[in-house]
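# Chain and residue survey
Residue-level listing of the chains:
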Amino acid sequence: NAGVTQTPKFRILKIGQSMTLQCTQDMNHNYMYWYRQDPGMGLKLIYYSVGAGITDKGEVPNGYNVSRSTTEDFPLRLELAAPSQTSVYFCASSYRGGGQAQYFGPGTRLTVL
Amino acid sequence: EDKVVQSPLSLVVHEGDTVTLNCSYEVTNFRSLLWYKQEKKAPTFLFMLTSSGIEKKSGRLSSILDKKELFSILNITATQTGDSAVYLCAVWAGNNRKLIWGLGTSLAVNP
């Protein structure tokens, strides 16, 4: 099992550009999450999904969009990139909520200039 | 509002010392508490605690939960430089669809 994979590992965007961060898990997990982590700060939840076709906002959804058409994939779309979106983005998954562990992908380091 | 508070925020020790990291929580419908270790990459899962008083142990790391006093501790004995990391605590609560995260304790172990 590869676990949770994310692409790309690094990306530099110009202000106003758009991009999609890819996340795939092969553990048949129902729940998937997108977090951002700024230097010295905790994890902030952007969006999450409890199953294919179901998504919901987290703490910091503005400027982002998600979709979940399959159990395995949960892409994060950045529209009109801004310097405030410079961060490290982590995708995570769990079988369910409650009494389950979340497992993280390796992260994408995004810089917006 | 649900919250998870970790203390101390940072800690510097010497190799061989024992450290205790704290995590307190105030949440509705507590389900379980999780500990993670984060080096300069993604968080990796350490323990999940559901019941009070039952210690989870893995090598030199151990953790216990007190559901009456609403806290957990993570102990690391005989620390090594490889233990240097940020230790994160998180709680499943409410509708159990999201984890509530603490800010972490940054541990530095000096040789």
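This report concerns the structure included in the present document. Not measured: the values here are computed from a predicted model. (Residues numbered from 1 in each chain as written. Chains lettered and ligands numbered in written order. Predicted model: local features only at pLDDT ≥ 70, side-chain atom pairs only at ≥ 80, totals over all residues. Heavy atoms only, no water.)

### A few points about the overall build of chain B
- Looking only at helices and strands, chain B features 0 helices and 11 strands.
- In sequence order, the secondary structure elements of chain B are arranged as β-β-β-β-β-β-β-β-β-β-β.
- Computed over C-alpha atoms, the radius of gyration of chain B comes to 13 Å, within 12% of the 13 Å expected from 2.2 N^0.38 for 111 residues, which places it in the range of a compact globule.
- Projected onto the principal axes, the alpha-carbon positions of chain B cover approximately 45 × 25 × 20 Å.
- Expressed as a percentage of the 111 residues in chain B, the buried residues total 42%.
- Considering only contacts within chain B whose residues lie at least 6 apart along the sequence, 54% involve residues at least 24 apart.
- For chain B, the exposed surface amounts to about 5,600 Å²; the carbon and sulfur share of it is 50%.
- Computed over 12 positive and 10 negative side-chain charges, the inter-centroid distance for chain B is 8 Å. (Helix = DSSP H or I, 4+ residues; strand = E, 2+ residues; numbered from the N terminus. Rg over C-alpha atoms; globule rule 2.2 N^0.38 Å. Buried < 20%, exposed > 50% of the residue type's maximum accessible area, 1.4 Å probe, protein only. Contact = heavy atoms within 4.5 Å. Areas by Shrake-Rupley, 256 points an atom, 1.4 Å probe, with all protein chains shown as cover. Lys, Arg positive; Asp, Glu negative; His and termini not counted. Charge placed at Lys NZ, Arg CZ, Asp CG, Glu CD.)

### Structural notes on the state of the cysteines
- Under the counting rule described, the total for this entry stands at 2 disulfides over all chains.
- Paired by a disulfide, Cys23 of chain A and Cys91 of chain A hold their sulfur atoms 1.8 Å apart. Because the torsion about its S-S bond is -70°, the bridge between Cys23 of chain A and Cys91 of chain A counts as left-handed. Taken together, the positions of Cys23 of chain A in strand E3 (residues 19–25) and Cys91 of chain A in strand E9 (residues 87–94) put the pair 68 residues apart, joining distant regions of the chain. Taken individually, Cys23 of chain A and Cys91 of chain A each receive the classification buried, so the pair is uniform in this respect.
- Across a sulfur-sulfur distance of 1.9 Å, Cys23 of chain B and Cys89 of chain B are joined as a disulfide pair. Measuring the twist about the S-S bond at about -65°, one finds the Cys23 of chain B-Cys89 of chain B disulfide to be left-handed. Of this pair, Cys23 of chain B sits in strand E3 (residues 19–26) while Cys89 of chain B sits in strand E9 (residues 85–92), placing them 66 residues apart in sequence. Here Cys23 of chain B matches Cys89 of chain B in class, with each residue buried. (Disulfide = S-S within 2.5 Å.)

### Brief notes about the packing of aromatic side chains
- Applying the stated rule across the entire model yields 13 aromatic pairs over all chains.
- Judged by centre distance (6.2 Å) and plane angle (85°), the ring pair of Phe90 of chain A and Phe104 of chain A falls under edge-to-face. Here Phe104 of chain A lies in strand E10 (residues 103–104) and Phe90 of chain A lies in strand E9, a separation of 14 residues in the sequence.
- Judged by relative accessible area, Phe90 of chain A falls into the buried class, the value being 2%.
- Between the aromatic rings of Phe104 of chain A and Tyr36 of chain B, the centroid separation amounts to 5.8 Å while the plane-to-plane angle is 85°, which identifies the pairing as edge-to-face. With Phe104 of chain A in strand E10 and Tyr36 of chain B in strand E4 (residues 32–38), this residue pair bridges two chains. (Phe/Tyr/Trp six-rings, centres within 6.5 Å; stacked < 30°, edge-to-face > 60°.)

### Examining the sheet that holds strand E8 (residues 76–78) of chain A
All names here are of chain A.
- Taken in spatial order, the 4 strands of this open sheet run E1-E3-E8-E7, and their pairing is antiparallel. Of all the strands in the sheet, just strand E1 (4–7) and strand E7 (64–66) have a single pairing partner and so form its edges. Going from strand to strand, the sheet's axes swing by 20° on average, the running direction of each strand aside.
- The sheet contact formed by E1 and E3 spans 4 bridges and is antiparallel. What sits directly across from Thr5, in E3, is Thr24. (Pairing = 2+ DSSP bridges. Axes fitted to C-alpha atoms, helices over the stretch in contact; angles between N-to-C directions.)

Purely geometric numbers; function is a separate question.
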